[in-house]
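Notes for the structure review
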Amino acid sequence: MTADDSFGRLDDDDYPAYTMGRAAEMLGTTQGFLRAIGEARLITPLRSTGGHRRYSRYQLRIAARARELVDQGTPIDAACRIVIIEDQLEEAKRIKAEHHRTTQP
């Protein structure tokens, strides 16, 4: 991979650019919280060649939403289920809008 390829990935929401420590710092949470939402299967970080967890911007947005719910008193397992359902709903809305756009004369 060239430097140009690496810079192009900075705009990719799915590129795992953030270490666990940096992700926790950005979210204002602990690494344990990130491990917990991983164990709840809310997000599955990619692993570096050295086995370290790496997170994408998309995953950080999902984790931030879960943290909001937990901060409001929602148990972590329930927060993860809520975030998954919210994400599925948004995807369904996107698919519906795309379908509507392509089928209208």
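Our structure is the block above this text.
For the structure given in this document, a descriptive report is provided here. Remember, it's a predicted structure, so these values are computed and weren't measured experimentally.

Topic: the overall build of the chain
- Across its full length, the chain holds 5 helices and 3 strands.
- Starting at the N terminus, the α and β elements of the chain follow one another as α-β-α-α-β-β-α-α.
- Relative to the compact-globule value of 13 Å for 105 residues, the chain shows a C-alpha radius of gyration of 16 Å, a clear excess of over 25%.
- With 105 residues in all, the chain has 24% of them scored as buried.
- For the chain, long-range pairs separated by at least 24 residues make up 58% of all intrachain contacts whose partners lie at least 6 apart in sequence.
- Here the chain has roughly 7400 Å² of accessible surface; of this, 52% comes from carbon and sulfur atoms.
- When the 16 basic and 16 acidic side-chain charges of the chain are each reduced to a single mean position, those positions are 4 Å apart.

A look at the nonpolar core
- Core analysis: the biggest nonpolar cluster contains 18 residues, and Leu34, Ile37, Leu42, Ile43 and Tyr55 have the highest contact counts within it.
- Elements with a contribution of two residues or more to this core: α2 (20–27), α3 (31–39), α4 (57–71) and α5 (76–103).
- Tallying contributions element by element places α4 first for this core, with 5 residues.
- Excluding anything up to four places from it in sequence, Tyr55 contacts Tyr15, Pro16, Ala17, Tyr18, Thr19, Met20, Ala23, Leu34, Ile43, Pro45 and Leu60.

What about α5?
- In this model, α5 (28 residues) spans 41 Å end to end at C-alpha, consistent with the 40 Å of a helix rising 1.5 Å per residue.
- Buried residues of α5: Ala78, Ala79, Cys80 and Val83, and no others.
- The elements touched by buried residues of α5 are α3 and α4.

Rules of the game
Residues numbered from 1 in each chain as written. Predicted model: local features only at pLDDT ≥ 70, side-chain atom pairs only at ≥ 80, totals over all residues. Heavy atoms only, no water. Helix = DSSP H or I, 4+ residues; strand = E, 2+ residues; numbered from the N terminus. Rg over C-alpha atoms; globule rule 2.2 N^0.38 Å. Buried < 20%, exposed > 50% of the residue type's maximum accessible area, 1.4 Å probe, protein only. Contact = heavy atoms within 4.5 Å. Areas by Shrake-Rupley, 256 points an atom, 1.4 Å probe, with all protein chains shown as cover. Lys, Arg positive; Asp, Glu negative; His and termini not counted. Charge placed at Lys NZ, Arg CZ, Asp CG, Glu CD. Core = buried A, V, L, I, M, F, W, Y, C linked by side-chain atoms within 4.5 Å. Expected span 1.5 Å × (residues − 1).

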